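Chain residues, written in single-letter form:
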Amino acid sequence: MTWIFLASLLLLSSLSETSYGGILLSSLPNTLDVAASPHQPDQFNTPNGTWYMSSNIKAGEDKLGVRWSLNNRTFPVGTDAAYKTVTVKLCYAPRSQVGRPERKTEDDLDKDETCQIEFYTGHYNPSNKWPYYESTLDGHVPAALYFLRAYANDSAGVVVAYGESTGPDRDYNIFEVDATEPTEASSGSRKTLDICFGSFSALLLVGFFCCLEDN
């Protein structure tokens, strides 16, 4: 039964982080318009009116809203027909990457450390223009300057397009997050680490009993 233990370890290593299969960001079409709305809890966005964009919010207390839509000024209707889900991530702005190699930008999405913190994943509906999602920002998000990036995924879960809430130089529509508690400087994905280590411990336990059976 030792093979079960080894297979379990291989499975854990494959699940420990998101794999993009070597996709380069530069190879993806920038088809999505993305708008970020960091704001205080007592501020309410309205579909066709008020839209808040605070420059500074506090993790664990204030809210972050996001909207996305096909950029139909550049791309024809139907471009997003194959998009099935959308994933929105918080990304470090250039000023918060200076001197921080653990936040480095790479074209290869498997190596890129710009966008480490997942904010939302849900169904993509081409007929729903500018859907809106908001949530209180997780208290584990590190203090830094951020923008948002949305990935569009096909039915197989493969990233096929993206969009950002800022421009090519990532120097406008930037918002700042103040941390409410000490965070790990390297990522801000402590929840993921906790899950991985918990899974690893469970697999070790399974392997231990399997080895006992072999003996």
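Structure shown above.
Novice: A description of the pattern of salt bridges should follow, citing residues and the corresponding values.
Specialist: Working definition: two side chains of opposite charge can pair if their charged atoms are close together. For the structure on display, the rule yields 6 salt bridges. The partner of R100 in a salt bridge is E102, with the nearest N and O atoms 2.5 Å apart. Residue R149 is joined to D112 by a salt bridge in which the shortest nitrogen-to-oxygen separation is 3.6 Å. Here the residue R149 occupies a position in strand β7 (residues 144-153), and D112 occupies one in the loop between β4 (85-92) and β5 (117-123), the gap between them amounting to 37 residues. Take D112: its relative accessible area is 11%, and that puts it in the buried class. In the salt-bridge network here, residues are joined through shared partners; they are D112, R149, E164 and R170.

Novice: Just give me the short version of the nonpolar core, but keep the residues and values in it.
Specialist: Soluble globular proteins tend to pack their nonpolar side chains together in the buried interior. Counting residues in hydrophobic clusters, the biggest one holds 28 residues, and the most contacted among them are L90, Y146 and L148. Of all elements in the fold, only β1 (32-39), β3 (63-70), β4, β5, β7 and β9 (175-178) reach the threshold of two or more residues within this core. In contact with L90, not counting residues within four places along its chain, are L64, T114, C115, Q116, I117, F119, L137, V141, Y146, F147 and L148. By size, the runner-up hydrophobic cluster in this structure holds 8 residues, among which are I23, L25, L109 and V159.

Novice: I'd like a description of the packing of aromatic side chains, backed by residues and values.
Specialist: The geometry of an aromatic ring pair is captured by the separation of the ring centres together with the interplanar angle, meaning the angle of the planes. Counted according to the given criterion, the structure contains 7 aromatic pairs. Taking 5.4 Å as the distance between ring centres and 70° as the angle between the ring planes, the aromatic pair formed by F119 and Y133 counts as edge-to-face. Of this pair, F119 sits in strand β5 while Y133 is found in strand β6 (residues 132-136), placing the two residues 14 residues apart along the sequence. F119 sits in the buried class, given a relative accessible area of 12%. On the basis of an interplanar angle of 35° and a centroid distance of 4.4 Å, the ring pair of Y120 and Y133 is categorised as tilted.

The rules behind the values
Residues numbered from 1 in each chain as written. Predicted model: local features only at pLDDT ≥ 70, side-chain atom pairs only at ≥ 80, totals over all residues. Heavy atoms only, no water. Salt bridge = Lys/Arg side-chain N within 4 Å of Asp/Glu carboxyl O. Helix = DSSP H or I, 4+ residues; strand = E, 2+ residues; numbered from the N terminus. Buried < 20%, exposed > 50% of the residue type's maximum accessible area, 1.4 Å probe, protein only. Core = buried A, V, L, I, M, F, W, Y, C linked by side-chain atoms within 4.5 Å. Contact = heavy atoms within 4.5 Å. Phe/Tyr/Trp six-rings, centres within 6.5 Å; stacked < 30°, edge-to-face > 60°.

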